[in-house]
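Commentary on secondary and tertiary structure
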Amino acid sequence: IVLPPNSPAGHKNSLLEDLKEGFKFISNSKLVFMILIIIGIVHVFFGSLAVAMPFLAKSLAGNGIRNLAYFETAMGAGMILGAVLIGQMKLKSVNSRPLLVAIITIGFCFTLLGFTKSNGIIISLPYILVILFIGMAVAVASVYWRSILQAQVPNNMAGRVFSVATIIADVSLPVSFGMFGIILNYFSLEGVMISCGLSLIIISCLLIIKYNGRGRLDA
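Remember, it's a predicted structure, so these values are computed and weren't measured experimentally. (Residues numbered from 1 in each chain as written. Predicted model: local features only at pLDDT ≥ 70, side-chain atom pairs only at ≥ 80, totals over all residues. Heavy atoms only, no water.)

The next thing to look at is helix 6 (residues 155–183). The first and last C-alpha atoms of helix 6 sit 41 Å apart over 29 residues, in line with the 42 Å expected at 1.5 Å per residue. Within helix 6, burial applies to Met 157, Val 161, Val 164, Ala 165, Ala 169, Ser 172, Ser 176 and Phe 180. (Helix = DSSP H or I, 4+ residues; strand = E, 2+ residues; numbered from the N terminus. Expected span 1.5 Å × (residues − 1). Buried < 20%, exposed > 50% of the residue type's maximum accessible area, 1.4 Å probe, protein only.)

Printed below as a string of structure tokens:
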């Protein structure tokens, strides 16, 4: 990130004017708008896993609390591993396709969790491995969407755009918790996981087709 030199203090916009300028910039940039939409979608579906994991852990063989601890550990370990792996890569450019591929991977893992549960597998190891891969994919997606925004958004707009991104993430997660908490009262865990996974895959594939990997940026 290249920071501009300090400039003399000038006229400061009001908060309302700053918000208007930020939303105007977002609406005029298709790639930035797409990334913000993706942030909201992924957080909504990721919330389904957070709600489902305690129920999944309890339904498997062994101690439910211990199973949940394994799941949480696998998620954290996957995020660390994914961050380390992508940190070792020498990327000459950043584009939206790897981000969408990472989200497709998350969707595939969600679907795999659902099918594994629906086939009556009650040992925890397969679920732990799948959740590990979800954590890795989440780390990759997180690095890519932040990198794209940093490269695409000018310095004078960065604070406003990243504030919007943070608001979207912070609002969509609790909404997701409440929504899927209700949904799981009426539908099976495996059905919800499969539906969420297929939805992520379909949405990501449609975005790949629509944007055709555009948004290639010099790193």
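Relative to the assigned elements, Ser 48 resides in helix 2 (residues 30–59). Take Ser 48: its relative accessible area is 1%, and that puts it in the buried class. In the structure, Ser 48 is positioned 128 residues away from Ser 176 in sequence and 6.6 Å away in space, judged by C-alpha atoms. Setting aside chain neighbours within four positions, we find Ser 48 in contact with Phe 110, Ser 176, Phe 180, Met 193 and Cys 196. (Contact = heavy atoms within 4.5 Å.)

On to a nonpolar patch on the surface, then. The grouping of Leu 198, Ile 202, Leu 206 and Ile 209 at the surface amounts to a nonpolar patch, some 420 Å² of accessible area in total. Looking at the element boundaries, Leu 198 is found in helix 7 (residues 189–211). What makes Leu 198 partly exposed here is its relative accessible area of 40%. (Patch = residues over 30% accessible without salt bridge, like charges linked within 9 Å, V, L, I, M, F, W, Y side chains within 5 Å. Areas by Shrake-Rupley, 256 points an atom, 1.4 Å probe, with all protein chains shown as cover. Salt bridge = Lys/Arg side-chain N within 4 Å of Asp/Glu carboxyl O.)

Moving on to the packing of helix 5 (residues 125–152) against helix 6. Their axes nearest at 10 Å, the elements helix 5 and helix 6 cross at an angle of 155°. Viewed along their axes, helix 5 and helix 6 adopt a mutual orientation that is roughly antiparallel. The two elements helix 5 and helix 6 meet at a crossing, and its hand is right-handed. On helix 6, the residues touching Trp 145, Arg 146, Leu 149 and Gln 150 of helix 5 are Val 161, Phe 162 and Ala 165. (Axes fitted to C-alpha atoms, helices over the stretch in contact; angles between N-to-C directions. Parallel < 35°, antiparallel > 145°, perpendicular 65-115°, else oblique. Left-handed = near helix turned anticlockwise from the far one by under 90°.)

Here we come to the environment of Met 136. Of note, Met 136 is situated in helix 5. On the basis of relative accessible area, Met 136 is assigned to the buried category, the value being 17%. As a C-alpha pair, Met 136 and Val 84 span 52 residues in sequence and 9.5 Å in three-dimensional space. For Met 136, the contacting residues outside a window of four places in its chain are Gly 78, Met 79, Leu 81, Gly 82 and Leu 85.

The next point concerns the environment of Lys 117. Turning to its location among the elements, Lys 117 is positioned in helix 4 (residues 96–118). Those residues in contact with Lys 117 that lie beyond four places of it in its chain are Leu 56, Ser 59, Tyr 127 and Glu 190.

The next thing to look at is the confidence of the model for the protein. For the protein, the average pLDDT comes to 84, and 87% of its residues sit at 70 or higher. Confidence scores differ between elements of the protein, with strand 2 (residues 217–218) showing the lowest mean pLDDT of 37 and helix 3 (residues 64–88) the highest of 93. Under a pLDDT of 50 for its full length, residues 213–219 has, in the predicted model, 24 contacts with residues more than four places off or in other chains. (pLDDT = per-residue confidence, 0-100.)

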